[in-house]
Amino acid sequence: MSDLIFLDSAGSSIPPAPVVDEVVGHLRRETEIGGYRAAAERRDDLEAGYGVLAELFGCEPSEVAFTDSATRSWLTAFDAVPLAKGDRVLVTEVEYGGNAVPMLRRAEETGATIEVVPSDRHGQLDVDALDLDERVKLISLVHVPTNGGLVNPVNEVTAKAREVGALVLLDACQSTGQIDLSGTDYDMLVCTGRKWLRGPRGTGALVVRDDVRRRLRPRLMDHSAAEWTDLDRFEPRDDARVFELWEFSVADRLGLIAAARYALAKGLDVIEAEVGERARRLREGLAALPGITVQDLGERRSGIVTFTSDRVPPMELKDRLWDDGVAVTVSQRASTRFDMTRRGLDEVVRASPHYFVTLEEVDQALERVSRTR
Ligand SMILES: *Cc1c(COP(=O)(O)O)cnc(C)c1O
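Keep in mind the model is a prediction, meaning the values are calculated, not measured.

(A) Molecular detail of the overall build of the protein. Looking only at helices and strands, the protein features twelve helices and 15 strands. Its C-alpha atoms give the protein a radius of gyration of 21 Å, within 12% of the compact-globule value 21 Å for 373 residues. Seen along its three principal axes, the alpha-carbon backbone of the protein occupies a region of about 70 × 55 × 30 Å. Residues counted as buried form 54% of the 373 residues belonging to the protein. For the protein, contacts bridging at least 24 residues in sequence account for 71% of all contacts bridging at least 6. Of the accessible surface of the protein, which amounts to about 16400 Å², a share of 49% is contributed by carbon and sulfur atoms. Here the protein holds 48 positive side-chain charges and 64 negative ones, and the gap between their average locations is 2 Å.

(B) Spatial organisation of the pattern of salt bridges. Enumeration over the complete set of coordinates arrives at 35 salt bridges. Of the charged contacts in the structure, one is a salt bridge between Lys318 and Asp319, with a shortest N-O distance of 3.4 Å. The class of Asp319 is partly exposed, set by a relative accessible area of 39%. For Arg343, the salt bridge goes to Asp339, with nearest N and O atoms at 2.8 Å. You can see Arg343 and its partner Asp339 sitting in helix α11 (residues 337-343), four residues apart, about one turn around the helix. By sharing partners, the salt bridges in this structure join Arg88, Glu115, Asp131, Asp133 and Arg135 into a single network.

(C) View of the site of the ligand. Lining the immediate environment of the ligand, one finds Ser69, Ala70, Thr71, Tyr96, Val144, Thr146, Asp171, Cys173, Gln174, Thr192, Arg194 and Lys195. One nitrogen or oxygen atom from the side chain of Thr71 is found 2.6 Å from an oxygen atom belonging to the ligand. Between the ligand and Thr146, the relevant distance is 3.1 Å, taken from an oxygen atom to a side-chain nitrogen or oxygen of the residue. Its residues assigned to classes, the shell around the ligand comprises four nonpolar, five polar and three charged.

(D) Structural context of the nonpolar core. Core analysis: the largest hydrophobic core is formed by 77 residues, its most contacted members being Leu7, Phe57, Leu189 and Leu286. In terms of residue count, the dominant contributor to this core is helix α8 (residues 250-266) (eight residues). Looking at which domains feed residues into this core, each of domain 1 (5-14 + 268-372) and domain 2 (17-266) supplies at least three. Discounting chain neighbours no more than four positions away, the residues touching Phe57 are Thr176, Leu181, Ser182, Tyr186, Leu189, Cys191, Ala205 and Val207.

(E) Representation of the domain arrangement of the protein. Per the domain assignment, the segments making up the protein are domain 1 (5-14 + 268-372) and domain 2 (17-266). Computed over C-alpha atoms, the centres of domain 1 and domain 2 are 26 Å apart. On the side of domain 2, 35 residues touch domain 1, which itself brings 39 residues to the contact. A combined buried area of about 3100 Å² lies between domain 1 and domain 2, and 55% of that area is made up of carbon and sulfur atoms. Linking domain 1 to domain 2 there are two salt bridges. A salt bridge links Arg342 to Glu93; its shortest N-O distance comes to 3.1 Å. Here domain 1 and domain 2 share 24 residue pairs in polar contact (both at pLDDT 80 or more) between them. Looking at the side of domain 1 that touches domain 2, the elements with two or more residues in it are α9 (268-287), α11 and β15 (347-351). Per element, the largest residue contribution to the side of domain 1 that touches domain 2 is seven residues, and it comes from α9.

(F) A look at unusual backbone geometry. Its identity as a non-glycine residue notwithstanding, Arg198 has a phi of 65 degrees, on the positive side. Within the secondary structure layout, Arg198 lies in the loop between β7 (188-192) and β8 (204-208).

(G) Up close: the pairing of β15. For β15, a buried count of four out of five residues is recorded, marking the element as mostly surrounded by other parts of the structure. Sheet topology note: the strand β12 (residues 305-309)/β15 ladder contains three bridges and is antiparallel. What sits directly across from Phe307, in β15, is Val349. As paired strands, strand β14 (residues 329-332) and β15 are joined by four bridges and run antiparallel to one another. Bridge pairing in β15 links Gln332 to Glu347.

(H) Geometry of the side chain of Thr336. Its place among the elements puts Thr336 in the loop between β14 and α11. Separated by 3.0 Å, the side chains of Thr336 and Asn147 make a polar contact. The residues contacting Thr336, other than those within four sequence positions of it, are Val94, Glu95, Thr146 and Asn147.

(I) The arrangement of the packing of α8 against α9 in detail. Two elements in contact, α8 and α9, have axes separated by 5 Å at closest approach and are oriented at 80 degrees. Of the possible angle classes, the one that applies to α8 and α9 is roughly perpendicular. Contact with α8, carried on its side by Ala263, Leu264 and Lys266, involves Leu268, Val270, Ile271 and Glu274 of α9 and no other residues of that element. Looking at the contact of α8 with α9 residue by residue, the classes come out as five nonpolar, no polar and two charged.

Conventions used here
- Residues numbered from 1 in each chain as written.
- Predicted model: local features only at pLDDT ≥ 70, side-chain atom pairs only at ≥ 80, totals over all residues.
- Heavy atoms only, no water.
- Helix = DSSP H or I, 4+ residues; strand = E, 2+ residues; numbered from the N terminus.
- Rg over C-alpha atoms; globule rule 2.2 N^0.38 Å.
- Buried < 20%, exposed > 50% of the residue type's maximum accessible area, 1.4 Å probe, protein only.
- Contact = heavy atoms within 4.5 Å.
- Areas by Shrake-Rupley, 256 points an atom, 1.4 Å probe, with all protein chains shown as cover.
- Lys, Arg positive; Asp, Glu negative; His and termini not counted.
- Charge placed at Lys NZ, Arg CZ, Asp CG, Glu CD.
- Salt bridge = Lys/Arg side-chain N within 4 Å of Asp/Glu carboxyl O.
- Near = heavy atom within 4 Å.
- Polar contact = N/O pair within 3.5 Å; in protein donor to acceptor, adjacent residues only side chain to side chain.
- Nonpolar A, V, L, I, M, F, W, Y, C, P; charged D, E, K, R; others polar.
- Core = buried A, V, L, I, M, F, W, Y, C linked by side-chain atoms within 4.5 Å.
- Domains from an automatic or database assignment.
- Buried area = accessible area lost by both parts, 1.4 Å probe.
- Pairing = 2+ DSSP bridges.
- Axes fitted to C-alpha atoms, helices over the stretch in contact; angles between N-to-C directions.
- Parallel < 35°, antiparallel > 145°, perpendicular 65-115°, else oblique.

What follows is the structure in structure tokens.
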């Protein structure tokens, strides 16, 4: 790695060597024997991938589908949830823009309503404020938002949702690869490869519990999602691969599986502790700088650290930090409009240190923020 201080694992992280070797190696192999034979050589590894992801998500291999992004996973799952006029969909205040738009579109189409669940005084979803009845068909639960450090409760929400038969769709984009999800209770989960998991871009996964799948209506099925059994007949698959398409990037999928293996080998508990230590140090250091305000909410916090300066606008601060060798990003209002509107924020600088960032680098980054602010 270069001298760059990389604080953007919430955006698109840096894949470790085994991931890159897997992707590049497979592309090379395709140039030697063609895509079909190259894939056939790796059939067992591709198959084993379902088990690897199942370990990561605390589910069964039959409940895992590979996709090309978290958004694809989310759209696929959401579109399969039957919704009608009068149905209610609950969302958190930190709902992600890419989920909110399709939700609003479907509300328009079906007459279902989208309702935002209030947060508690820490800024996390307020479990006591969940207003549930049989009309609630879905709770869209963002585990860790794109624009801040908080971690939303999951198991309590799922337990309450079960009492009225509502499904919980967990957006684990920002928690996969930094938080141990194996004991997490949800009906459906989406994740991306490129963030904390350190996988290739253009990869993602969807988990749908076996008993939940039977309540859904998959809409975009091709001839691998369902078998074309007769001239006028087809038979959908009886596992989560009913949500996959026949075609995918084999190199990227192998890369994603390698990334998941890499994270599991390091241990998600170890990763969570190391990320937490770096984020805490960064947050405390930033809070001590005059003119800098840490914007994170939440009692339980993740590796995402957000802040603003009272002198330099977020975009300019980010640009100056890039020039100074510190990779951060800016999170904008339209990514989390409910939350940012409520807090009166347009933009925040987002820094997200993974375990591979040293404590010295965190301190150097703080010093550069201090020079720039
Ligand atoms: C990044 C992100 C997504 C979307 O992931 P893609 O890989 O771009 O599809 C969804 N939800 C949250 C909370 C995110 O941070």
